[in-house]
Amino acid sequence: MSATTDVTDPTANVARKDAEGTRRGLDLGRFRELSLIPAILVLGLIGFIVSPAFLTGDNLIGVAQQSTELSLLVLATALILICGRMDLSLESTIGVAPVVAVWLVLPTSGARFTGLGLLPEWTAVPLCLLVGVVIGAVNGFLILKLRLNGFIVTLGMLTMLRGLQVALSEGQSIVELPSSFTYLGKASWWGAPAAIWICVVLFALGSAALAWLRHGRALYAIGGNAEAARTAGIRVDRIVWVVLILGSLLAAFAGILYSGHYGSISATQGSGWIFQVFAATVIGGVSLNGGKGSVFGALTGVLTLQLVVNVMTLAGVPPLWNQFLNGAIIIVALIISRFASGEKQE
Amino acid sequence: MTDTATAPAPGGGPAPVAEAIGVGKRFGATVALRDARIAVAAGEAHALVGRNGAGKSTLVSLLTGLQRPDTGGLRFSGEPAPAFGDIDAWRSRVACVYQRSTIIPGLTVAENLFLNRQSAGPLRPIRWRQLRRRAEELLGEYGVDVDPAARAGELTVEQRQFVEIARALSFGARFIVLDEPTAKLDARGIARLFDKLRDLRRQGVAFLFISHHLQEVYDLCTTVTVYRDATHILTAPVAEVGHQALVEAMTGETATATDAPAAGPPAAGATGLPTARAGDPAPTAPGTLLTIEDLTLPGACRDLSLAVRAGEVVGLAGAAASGHVRVGEAVAGLHRAEAGRITVDGRAVRTGSVPSALAAGVGLVPEDRHLQGLVHHRSVAENATLTVTGQLGPFGTVLPARTRVFAQRMIRDLDIKTPGAATLVSALSGGNQQKVVVARALATDPRVLVAVRPTNGVDVRSKEFLLRRIRQVADGGKAALIVSDELDDLRVCDRVVVMFHGRVVAEFDRGWRDEQVVAAVEGVAGRAPTSATGVSDTAEHGR
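Starting afresh in each chain, residues are numbered from 1 along the sequence in its written order. All chains are assigned letters beginning at A, and all ligands numbers beginning at 1, according to the order in which they are written. In keeping with the model being predicted, local features are shown solely for residues with a pLDDT of at least 70 and side-chain atom pairs are shown and tallied solely at 80 or more, while totals for entire chains, interfaces and linings include all residues.

Going by the annotation in an unreviewed UniProt entry, the name recorded for chain B is Sugar ABC transporter ATP-binding protein, with Streptomyces phaeofaciens given as the source organism.

Chain A has the name Sugar ABC transporter permease in an unreviewed UniProt entry, where Streptomyces phaeofaciens is given as its organism. UniProt positions are given in the numbering used here, feature names are shortened, and annotations may be inferred rather than shown by experiment. Per UniProt, chain A has the following entry under Subcellular location (unreviewed entry): "Cell membrane".

This is how it looks when you write it as structure tokens:
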């Protein structure tokens, strides 16, 4: 083998020099997903100055709980974006999955909302998750088998599912929910809402899978260069399909937490969220073109957005200005993360 | 370049490592391969040549198990091919380095090497440290000096290729398909690639080497197979097939017969490529059309001056990192200059402004037709008239009829083989796509034509045609600048200017010898040779 190395000797120094350069770059890259942490700290400081109520356990737990449902959608979107796809219908899944599940289990008479009563009440949670799986599978079928444009397919799905929810619930909130269905959103474990713990665990699982599992790494490969991934033996379509299903499943689960949290399924549950979800994910460093970003980064994106809203509320900003400020903050946060990470967002 | 003889003689095992027998493949109405065959013996360097559309790529996709042959069969070392879709089994028999890079730029080298097999099982966590060590061992085994922790996107083209080769071989195959591996490398990179390949051959690895450069075939390979029009034409030892015979086998006609350049003997050898006419009086026309004065481009060149007269074709040569492509692109307004000026026919061009360059009369054939040249989902007509939409109708309108007429004229002018002007440009073969790009550059009737690697990835016939067409532009009183490191491209030039590390290091008038230019390109002519080793670490310039 010494003969081989002799031949390449002139390149050796050169390559080594290159490698040193890239190693430095890589270290920076490792911190890239932390680029929003300073922003979060600054927000905390502003909150502390603005209101003594900010830095209290109750307030912070409240912020965290309010972020749970959104953050699950962000987790789903991060996974889907990393493998180079989009799913807009997530924001409707969060509403329609609980409605369908409840519609199947609630009795046919006795309450304002009448269901079909086909199945026992304890099946509401599994049913809801199943609806999520079905939605994801249908999306995957349309996008991957029929090769339809994913953006438009899920846009159509968004409208259709929202319409289904309105039709089934007759446009009203459903308040008579089975107790098994509301448990997770209401319960408190070890002094904090169960939803927070669940979210933390799911994010940890997602992070770990993307970092240490082959199929998790495959998402980056697919998003980076699908053709190359295919030649490397990765079953691109199958993995993307699974990711789409997983995304919808997470959205359905977020629906369960949301319904439990507020004790009812509101007719507009999740409506308009997808903009915030995408904003949070991209602010958190996930590329819209796929192949780049991390679950943890996406989480910092959600927290940033939620903290801003909280600080503004505490500061007494008139609620009528909320929408304007929300939009403005998305753009400012995008600019911050653009320069903190040093990467172009294309 | 002649140590091919030192490789162990093939014939250790009687059965070829890879064999295709009477394979056929159709795509819809197109016959991509008809009853084709090939046999690669163990440890052999086998070249597969043919014009665009001859069926080479299809054969590769059959040999690597990406597609299933309609007829015929494949055998590896005497055994029938594995089942279609059994990727692991295929990869243990045949390795492939594809024309397009299959490296994922965002991931590390180590991860690229072990993509989809980073851990023992799907549910086993990846142990990153161990993965890096395995990558180091693998790279060391093939003598590739690349840091496994580096991001693949930051490697040079050539390093990326070595990584791909190491990955391809790591599945245990002793047969590797190289689909145009030299297309994106400069001469130095090619030399190193060839050294590596010869090393691997000594270890008993057999190659199927696909290239448009016949010289490379002679340098590296022992056997050559020619395909034409989806069928097998000939297989013979390289030493027994002359250059001319090879070109004839590829084109199916005698190279010098029909439309060789009327004026001028084929001085460049038997290739039939047009050359600068030795008998011509030196172009003494006083009109200098293109002047570059003290041009400084960040990261590409410093204080560079160059002039091209009317009726002259000037070649600008250099290695990939020499900055010559940048200079050419700067003339066309793609890059802003830090200092210096560019004038076309006495009129200053604002650097960094393509409209200004177009208005001054500069036409550009860009380096990479896929990235910079073509709008793939649009028609030939639209692509060919992209630069002249202002002339196709009054008040900013683009009249379809005029577009069609204009495009038809360009199609005739450049002999573009297309079913019609409305055909999507992506449906054409590589050579014809390149002609569309050239058509687009000529559509404005430019006074200065800048052609960056105008014959990149096109077959022999189209190459000949395109170079002759560029010559015609100059003969019509215009100026042409060919930016290339391809000797065939430079042969049409009246003058060849060689750049090395952003400076002009040599200039040759007609009658230069190959080795003179190559030496200057490599930076060994007259300058301190110690600097030559530094070339390859400059990352690929450009984008």
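Draft legend 1. Geometry of the overall build of chain A. Per the secondary structure count, chain A includes 15 helices and two strands. In chain A, which comprises 346 residues, the share counted as buried stands at 45%. Here contacts are defined at the residue level, using C-beta atoms placed from the backbone and a cut-off of 7 Å between them. In chain A, 76% of the contacts between residues at least 6 apart in sequence involve partners at least 24 apart. Helix and strand assignments come from DSSP, with helices taken as H or I runs of at least 4 residues and strands as E runs of at least 2, each series counted from the N terminus. Burial is judged by counting other C-beta atoms within 10 Å of a residue's own C-beta: 20 or more means buried, 12 or fewer means exposed, and anything between counts as partly exposed, with every C-beta placed from the backbone.

Draft legend 2. Region of the structure containing the overall build of chain B. Broken down by element type, chain B carries 17 helices and 20 strands. Buried positions account for 53% of the 543 residues belonging to chain B. Long-range pairs, those at least 24 residues apart, make up 68% of the contacts in chain B between residues at least 6 apart in sequence.

Draft legend 3. Unusual backbone geometry, seen in detail. Residue and element names in this part refer to chain B. Phi at Asp35 takes a positive value of approximately 50°, unusual for a residue other than glycine. Following the sequence through the fold, Asp35 ends up in strand S2 (residues 30-40). A tally of 13 C-beta atoms within 10 Å means that Asp35 is categorised as partly exposed.

Draft legend 4. A look at the environment of B:Val97. As for its placement among the helices and strands, B:Val97 is situated in strand S6 (residues 95-97). Distance in space between the C-alpha atoms of B:Val97 and B:Phe162 is 9.6 Å, their sequence separation being 65 residues.

Draft legend 5. Expanded view of the pairing of strand S1 (residues 18-27) of chain B. All names here are of chain B. A pair of strands is considered paired only if DSSP assigns at least 2 bridges between the two. Sheet analysis places S1 next to S2, joined by seven bridges and oriented antiparallel. Of the residues in S2, the one forming a bridge with Phe27 is Thr30. Of the pairings in the sheet, the one linking S1 to strand S4 (residues 71-76) comprises four bridges and is antiparallel in character. When the bridges of S4 are listed, Ile21 appears paired with Gly73.

Draft legend 6. Up close: the packing of helix H4 (residues 57-82) of chain A against helix H12 (residues 236-262) of chain A. Residue and element names in this part refer to chain A. In this analysis, axes come from line fits to C-alpha atoms, helices being fitted only over the stretch in contact, and the angle between any two N-to-C directions falls in the range 0 to 180 degrees. Running from N to C, H4 and H12 cross one another at 175°; their axes reach a closest spacing of 8 Å. As the angle between them shows, H4 and H12 are arranged roughly antiparallel. Two secondary-structure elements touch here, H4 through Gln65, Thr68, Glu69, Leu72, Leu73, Leu75, Ala76, Leu79 and Ile80 and H12 through Val243, Leu244, Leu246, Gly247, Leu250, Ala251, Phe253, Ala254, Leu257, Tyr258 and His261. Oblique is the label for any angle not under 35 degrees, not over 145, and not in the 65 to 115 range, which are roughly parallel, roughly antiparallel and roughly perpendicular in turn.

Draft legend 7. A look at the pairing of strand S11 (residues 288-297) of chain B. All names here are of chain B. Both S11 and strand S12 (residues 301-309) contribute to a ladder of six bridges, which runs antiparallel. When the sheet's bridge partners are listed, Ile292 is paired in S12 with Leu306. Once S11 ends, the chain turns through three residues before running back antiparallel as S12, passing Gly299 with a positive phi of about 75°.

Draft legend 8. Seen up close, the sheet that holds S4(B). Residues and elements named next belong to chain B. Read from one edge of the open sheet, four strands run S2-S1-S4-S5, paired in antiparallel fashion. The sheet is open, and its two borders are formed by S2 and strand S5 (79-80), each paired with just one other strand. Relative to the sheet, helix H1 (residues 56-63) contacts S1, S2 and S4, its axis offset from that of S1 by approximately 115°.

Draft legend 9. Spatial organisation of the sheet that holds strand S20 (residues 503-509) of chain B. All names here are of chain B. Across the sheet, six strands lie side by side as S16-S17-S18-S13-S19-S20; this open sheet has mixed pairing. Taken across any chain shown, the strands that pair with only one partner, and hence form the sheet edges, are strand S16 (362-365) and S20. Here the average twist between neighbouring strands, direction ignored, is 20°. Pairing between strand S13 (residues 313-318) and strand S19 (residues 495-500): five bridges, direction parallel. The partner of Leu316 across the bridge, within S19, is Val497.

Draft legend 10. Representation of the environment of B:Phe76 in the model. Residue and element names in this part refer to chain B. Among the structural elements, Phe76 can be located in strand S4. The buried category is assigned to Phe76, around which 23 C-beta atoms lie within 10 Å. The sequence separation of Phe76 and Ala18 amounts to 58 residues, and the corresponding C-alpha distance is 4.5 Å. Leaving out residues up to four positions away in the same chain, Phe76 has contacts with Val17, Ala18, Ala81, Arg93 and Val94.

Draft legend 11. Quick look at the packing of helix H5 (residues 90-105) of chain A against H12(A). Residue and element names in this part refer to chain A. Where H5 meets H12, the closest approach of the two axes is 7 Å, and the angle between their N-to-C directions is 55°. Our classification of the angle between H5 and H12 gives oblique. Crossing of H5 over H12 shows right-handed handedness. Contacts from Leu90, Thr93, Ile94, Gly95, Ala97 and Pro98 of H5 reach H12 at Gly247, Ser248, Ala251, Ala252, Ala254, Gly255, Ile256, Tyr258 and Ser259. Here the residues of the contact of H5 with H12 sort into nine nonpolar, six polar and no charged. By definition, any crossing whose near helix is turned counterclockwise from its far helix by less than a right angle is left-handed, and any crossing with a clockwise turn is right-handed. Classification convention: Asp, Glu, Lys, Arg as charged; Ala, Val, Leu, Ile, Met, Phe, Trp, Tyr, Cys, Pro as nonpolar; all other residues, Gly among them, as polar.

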